[in-house]
Structure formats: C-alpha cells, structure tokens
Amino acid sequence: MDFDFSKLKPRERYKLLISVVVPRPIAWVTSLNPDGSVNAAPFSFFNAMGSDPPILALGIGNHPGNRPKDSAYNIQRSGFFVVNLVSEDLAAVMNLTAVEFPAGVSEIEAAGLELAPSVHVVVPRIARAPAAFECRLHSALEIGRNRILIGEVLGAFVRDDFVTDPEKLYLDSGALKLIGRMGGRGGYVRTSDRFEMPRITFEEWQANQSAEIYPVD
C-alpha cells in the first residue's frame, strides 16, 4: 500500500514514521532553564550522525504556533545540553518527565531524579543514567514545525561497570540494557535481543555467489 504524504495530515505522517522507523534510540535531554534550574525531557527523533567531528542530532517539534519546546529554547539560548541514555530500570522515570507539567513545576523534582555534574558543559547529567553525552550546539535548522538541533559531543560519561577495556575503549553495550521507541504512544523495545552477522568481503562474495552462506547466528 502506498501513502502519499502530500495528502496526509501532519499527525497521519507522524503515525506512519514512528511505526516504521523503529526502534529509535531515546535522547533524555537535560538543559538549563533561564532561571538556572534543570529541565529534563525525552525525545525519540534522535541519533548519532557522525564521528569526525562527533555529532548528534535531535528532532524537536514545536508547540502549536511554532513556539519552541522548553528543551529547544534552552539549548538554543545557552548553547549546551546533555543527552542521557535510558536503561530499562529508568523507563518509568523517563516517561514521567514527558508529562506536560505546567510552568513552574520541575520534571527533575517530580521524578525524584538526582543530578551529577558534567565535565565539559555546565548542564548536569542524570546521575542514574548508564551513559551520557555532553554536547555543545553546533547548528540549528528549522523546517516547518521541526527544529533539528545538531550537537557536537565534547565528552562522554559511561559507568565504570560497563567499560570492559578503558585503553581499547571497549564497552559492554548489551549490559547497558538501553531501551528504544517503537510505534504507538506507549511502544518501547529492549535491546537485549541481538544477533551477530559478519561483514562480507568482496572476495568472499565472489567465492560463494551460489551458496547460502552467512546465516544469522
């Protein structure tokens, strides 16, 4: 079935996108409000976009009337933010920070979150997050109601128990037990189900064109 996006309403396009582009990693973003307090909010239009320089991209939709959400406003005002990664044990707490609290209500306090100082930016990270990226805003792009914020990663925090070899930068990514977003308003996925599939060289492909090789383990 084909869908013509030019004939669909924004909400309908959104439903198709989030149902097919899965799983999506979750950026649990901390930023500084104008009064110096800390804002925390999750976004699933997010990913790493490159490593030289190391950049992350956040897609944050505007409120009606093209008014920026607090996270986008804070990042564009201060120029800094932290992307905290969400593990299974933090799922419910993360979901709580997505509540549209009225002005003056702190997501941090409502969720009972503890903060820890960052090394490279003034924005603190969420202390219980297994990993976090400290970022400086590189650029921002506005397309319709979308704000695409590109952040340059200045440093990363990974809990010691997930670092298997500090010199070789080997991490136990499976042990992080991160979660991702699926389709629907409440759809999530664990990252504990994985398989290994080796990269095929051109020479291997030539030698085995007619054979059913490289099965998924």
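Residues numbered from 1 in each chain as written. Predicted model: local features only at pLDDT ≥ 70, side-chain atom pairs only at ≥ 80, totals over all residues. Heavy atoms only, no water.

- If you check an unreviewed UniProt entry, the protein appears there as Flavin reductase domain protein FMN-binding protein from Allomeiothermus silvanus.
- Its UniProt record gives the protein a comment under Cofactor (unreviewed entry), which states: "FMN".
- Looking at the Sequence similarities (unreviewed entry) heading of the UniProt record, one finds this comment for the protein: "Belongs to the flavoredoxin family." (UniProt positions renumbered as here; feature names shortened; annotations may be inferred.)

1. What to know about the sheet that holds strand 13 (residues 179-181)
Here's step 1: The antiparallel open sheet is built from three strands, whose spatial order is 1-13-14. Edge strands, defined here as strands with exactly one partner in the open sheet, are strand 1 (24-25) and strand 14 (188-190).
Here's step 2: When strand 1 meets strand 13, the two strands line up antiparallel, connected through two bridges. The residue of strand 13 that forms the bridge with proline 25 is glycine 180. (Pairing = 2+ DSSP bridges. Helix = DSSP H or I, 4+ residues; strand = E, 2+ residues; numbered from the N terminus.)

2. So, the pairing of strand 5 (residues 54-61)
Here's step 1: Relative to strand 5, strand 4 (residues 46-51) runs antiparallel, the two being bridged by five bridges. Bridge assignment links asparagine 47 to a residue of strand 5, and that residue is alanine 57.
Here's step 2: Counting the residues that bridge the hairpin from strand 4 to strand 5 gives two residues.
Here's step 3: Bridge analysis of strand 5 against strand 10 (residues 146-158) gives seven bridges, and the strand direction is antiparallel. Opposite leucine 58, over in strand 10, you have leucine 149 as the bridge partner.

3. So, the environment of alanine 98
Here's step 1: As for its placement among the helices and strands, alanine 98 is situated in the loop between helix 3 (91-96) and helix 4 (107-111).
Here's step 2: Sequence spacing of alanine 98 and alanine 40 is 58 residues, and the spatial spacing of their C-alpha atoms is 8.3 Å.

4. Side note on the sheet that holds strand 3 (residues 38-43)
The pairing of strands in a sheet happens through backbone hydrogen bonds and is either parallel or antiparallel.
Here's step 1: Spatially, the seven strands line up as an open sheet ordered 3-2-6-9-10-5-4, and their pairing is antiparallel. For this open sheet the edge positions go to strand 3 and strand 4, each flanked by a neighbour on one side alone. Ignoring strand direction, the axes of neighbouring strands in this sheet form an average angle of 35 degrees.
Here's step 2: Across three bridges, strand 2 (residues 27-32) lies against strand 6 (residues 80-84) in antiparallel orientation. By the bridge assignment for strand 6, tryptophan 28 is matched with asparagine 84.
Here's step 3: Strands strand 2, strand 3, strand 5, strand 6, strand 9 (131-143) and strand 10 of the sheet are contacted by helix 2 (residues 70-78), whose axis makes an angle of about 55 degrees with strand 2. (Axes fitted to C-alpha atoms, helices over the stretch in contact; angles between N-to-C directions. Contact = heavy atoms within 4.5 Å.)

5. Thoughts on the environment of glycine 36
Here's step 1: In this fold, glycine 36 is placed in the loop between strand 2 and strand 3.
Here's step 2: Measuring from C-alpha to C-alpha, the distance between glycine 36 and lysine 69 comes to 17 Å, with 33 residues separating the pair along the chain.

6. Some thoughts on the layout of surface pockets
Sizing a probe to match a water molecule and rolling it over the atoms shows the empty space that remains.
Here's step 1: Roughly 350 Å³ of internal volume is contained in the second largest pocket.
Here's step 2: Here the lining of the second largest pocket is built from residues that sort into 18 nonpolar, four polar and one charged. (1 Å grid on protein atoms, 1.4 Å probe; cavity = no way out; pocket = protein on both sides within 12 Å on 5 of 7 lines; lining within 4 Å. Points joined across faces, edges and corners; volume = space filled by probe spheres on them. Nonpolar A, V, L, I, M, F, W, Y, C, P; charged D, E, K, R; others polar.)

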